[in-house]
Amino acid sequence: MSIAGNLLKYKKEIESDGVQLVAVSKFQQADAVLEAYNAGHRVFGENLVQELVEKQAQLPQDIQWHLIGHLQTNKVKYIAPFISMIESVDSLKLLAEINKQAAKHNRVIDCLLQIYIADEDTKFGLGFDEAIELLRSEEFAGLKNIRITGLMGIASNNATEKQTVDEFTELKVFFDGIKMSFFRKDDAFKEVSMGMSGDYKLAIEAGSTMVRIGSSIFGKRVIKHYKAQ
Ligand SMILES: *Cc1c(COP(=O)(O)O)cnc(C)c1O
């Protein structure tokens, strides 16, 4: 099926569950993004700053870009003028830098705390205790140009279905606790971003509000020249 066809199929299925679809366009050409855009989609996810900045300049300005990959503090300045959501916040230092750069543009940038739920060493994210420590810190309380709107997590690669469900459930339970403890009166804190092409159905069953789907919409990732950061 075409990109537009895939997009519409996933959009219909996922949005009918009340879940938001982030179309992950990393390593895809701008033309591919435009095809999905012309089919009516507006929310796209990228994981490299350089690639994101190039695409943002070329593509329609009403696209809502989500950064979903590890972000180095020295690169925040390049995306601060336009980024719609940073899903991959994994330290207070990074959050403080996002706040600083957002302030320069008179913006409040929506952020998710990336929580480490996978059973492997390769994924970034905060541990449960680290996330709580961050939210309790005085420094966090002083950050006025960021808004935490939820949590994000990535399940283990090649896990059994049971393990994947357990990891997603852990994140949802943690979200509920954090909501109660820190954001009870804050309606903006509502997102649990979990689920990708291979596991989005399990994620939605476990309480996901936002899924990030790339290869099932766009096919194989094609651009090779973006250097890893
Ligand atoms: C690449 C990526 C996705 C999308 O993965 P697919 O398996 O292609 O759907 C989702 N989330 C993150 C953080 C990613 O890096």
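Here's what I pulled together on the structure shown here. (Residues numbered from 1 in each chain as written. Predicted model: local features only at pLDDT ≥ 70, side-chain atom pairs only at ≥ 80, totals over all residues. Heavy atoms only, no water.)

This brings us to the environment of leucine 95. Mapped onto the elements of the fold, leucine 95 is located in helix α5 (residues 92-104). Judged by relative accessible area, which is 0%, leucine 95 ranks as buried. Considered as a pair, leucine 95 and serine 156 are 61 residues apart in the sequence and their alpha carbons are 25 Å apart. What leucine 95 contacts, discounting residues up to four positions off in sequence, is Val89, Cys111, Leu134, Phe140, Leu143, Ile146 and Ile148. (Helix = DSSP H or I, 4+ residues; strand = E, 2+ residues; numbered from the N terminus. Buried < 20%, exposed > 50% of the residue type's maximum accessible area, 1.4 Å probe, protein only. Contact = heavy atoms within 4.5 Å.)

Counted residue by residue, strand β1 (residues 20-24) has 4 buried out of 5 residues, so it is predominantly covered. Bridge count between β1 and strand β8 (residues 210-213): 4 bridges; the pairing is parallel. Paired with leucine 21 across the strands is valine 211, a residue of β8. Bridge count between β1 and strand β2 (residues 43-46): 2 bridges; the pairing is parallel. In the strand pairing of β2, alanine 23 is matched with phenylalanine 44. Note that the unit made of β1, helix α2 (residues 30-38) and β2 has a crossover that is right-handed. (Pairing = 2+ DSSP bridges. Right-handed = clockwise from strand over helix to strand, strands pointing away.)

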